[in-house]
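In case you want the letters, here they are:
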Amino acid sequence: MGFGFTLRAQVDPDLWGHLRFGQYFLESGLPPLPDIFSYASTYPWIDHEWLCEIMYYMAWRSLGPFGEYFIKSAAGLILAFFLLHHANRQSNRILATAIVFCSAFICLGNGLLPRPQLFTYVFTAFFMHAYLMNREDRPGWLYACPVIAAIWAGWPGAGGSVR
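Residues numbered from 1 in each chain as written. Predicted model: local features only at pLDDT ≥ 70, side-chain atom pairs only at ≥ 80, totals over all residues. Heavy atoms only, no water.

Novice: Now, about the overall build of the chain: what can you tell me, with residues and values included?
Specialist: Counting its secondary structure elements, the chain contains 7 helices and 0 strands. Counting from the amino terminus, the chain carries its helices and strands in the arrangement α-α-α-α-α-α-α. Summarising the internal contacts of the chain: among those between residues at least 6 apart in sequence, 67% fall at separations of at least 24. Total accessible area computed for the chain in this model is approximately 9400 Å², and 67% of it derives from carbon and sulfur atoms. (Helix = DSSP H or I, 4+ residues; strand = E, 2+ residues; numbered from the N terminus. Contact = heavy atoms within 4.5 Å. Areas by Shrake-Rupley, 256 points an atom, 1.4 Å probe, with all protein chains shown as cover.)

This is how it looks when you write it as structure tokens:
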């Protein structure tokens with residue numbers, strides 16, 4: 001079901017901008033300063049979502065529209081795994097797990113669009129998973145947290161924009 005939520009044909013209106021900025025960055029090796037695609041291009045601008053835009057453009061260039069679906073679906077599957085794993089561990093009742101799972105994905109709604117913020121959900125789910133595993137005396141996941149935190153901090157637009 002989580003996978004199904006990500007396959008909706010709904011596209012974020014900013015997708016084309018993200019793709020174009022990613023293309024520009026890859027082709028020129030520089031972020032567009034100022035924003036050359038805006039009517040306000042005389043003002044300084046920092047593209048704080050450049051890393052995600054490069055990734056989205058590379059996926060689009062390699063796989064076409066399927067690249068966007070691939071990224072959304074991969075994020076949805078990761079979220080579904082973490083959610084189902086912990087919901088099932090907390091309650092062995094299938095109905096309760098299904099209700100929590102469906103409610104979570106319904107609440108996410110448009111959050112599963114191809115936007116840089118999509119990765120905030122994935123990184124947050126990872127940290128929650130590491131925390132809950134540590135509570136069960138399985139701290140192995142905690143060792144990956146500094147690496148994930150460094151990636152997240154450098155993943156502009158995903159909640160960790162460091163300027």
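Novice: I'd like to hear about the packing of helix α4 (residues 65–90) against helix α6 (residues 118–135), residue by residue, with values.
Specialist: Closest axis-to-axis distance for the α4/α6 pair is 10 Å, and the angle between their directions is 25°. What the angle tells us is that α4 and α6 run roughly parallel. α4 and α6 meet at a crossing whose hand is left-handed. Mapping the contact onto sequence places I71, K72, A75, I78, L79, F82, H85, H86 and R89 in α4 and L118, F119, Y121, V122, A125, F126, H129, L132 and M133 in α6. (Axes fitted to C-alpha atoms, helices over the stretch in contact; angles between N-to-C directions. Parallel < 35°, antiparallel > 145°, perpendicular 65-115°, else oblique. Left-handed = near helix turned anticlockwise from the far one by under 90°.)

Novice: How would you explain helix α5 (residues 94–108) if you had to name every residue and give the values?
Specialist: Counting along an α-helix, one turn takes 3.6 residues, and residues three or four places apart therefore face a common direction. With 15 residues, α5 should cover 21 Å at 1.5 Å per step; its first-to-last C-alpha distance of 21 Å lies within 8% of that length. Within the span of α5, buried status applies to T97, F101 and F105. One face of α5 carries all of its buried residues, which in axial projection span an arc of 55°. Across from the buried face of α5, at angles greater than 90 degrees, the exposed residues are L95, I106 and C107. Phi for G109, located one or two positions after α5, is positive at around 45°. (Expected span 1.5 Å × (residues − 1). Buried < 20%, exposed > 50% of the residue type's maximum accessible area, 1.4 Å probe, protein only. Arc of directions from axis to C-beta.)

Novice: Kindly report on the side chain of H18, identifying the contributing residues and their values.
Specialist: Here H18 lies in helix α2 (residues 15–28). Relative accessible area serves as the criterion here: at 4%, H18 is assigned to the buried category. Non-local contacts of H18, meaning those with residues more than four positions away in its chain, are made with E49, E53, P114, R115 and P116.

Novice: Go over the environment of L118 with me, naming the residues and quoting the values.
Specialist: Inspection of the secondary structure puts L118 in helix α6. Residue class for L118 comes out buried when judged on its relative accessible area of 0%. Sequence separation of L118 and G76 is 42 residues, and the distance between their C-alpha atoms is 9.2 Å. For L118, the contacting residues outside a window of four places in its chain are Y56, I71, K72, A75, G111, L112 and L113.

Novice: So, the pattern of salt bridges: which residues are in play, and what are the values?
Specialist: Two side chains with opposite charge may pair up if their charged atoms get near one another. Summed over the entire model, instances satisfying the criterion amount to 2 salt bridges. Where R115 meets D14, a salt bridge forms, and the shortest distance between an N and an O atom there is 2.8 Å. With R115 in the loop between α5 and α6 and D14 in the loop between α1 (2–6) and α2, the pair connects residues that are 101 residues apart, well separated along the chain. In this structure D14 comes out as partly exposed when scored by relative accessible area, which is 38%. (Salt bridge = Lys/Arg side-chain N within 4 Å of Asp/Glu carboxyl O.)

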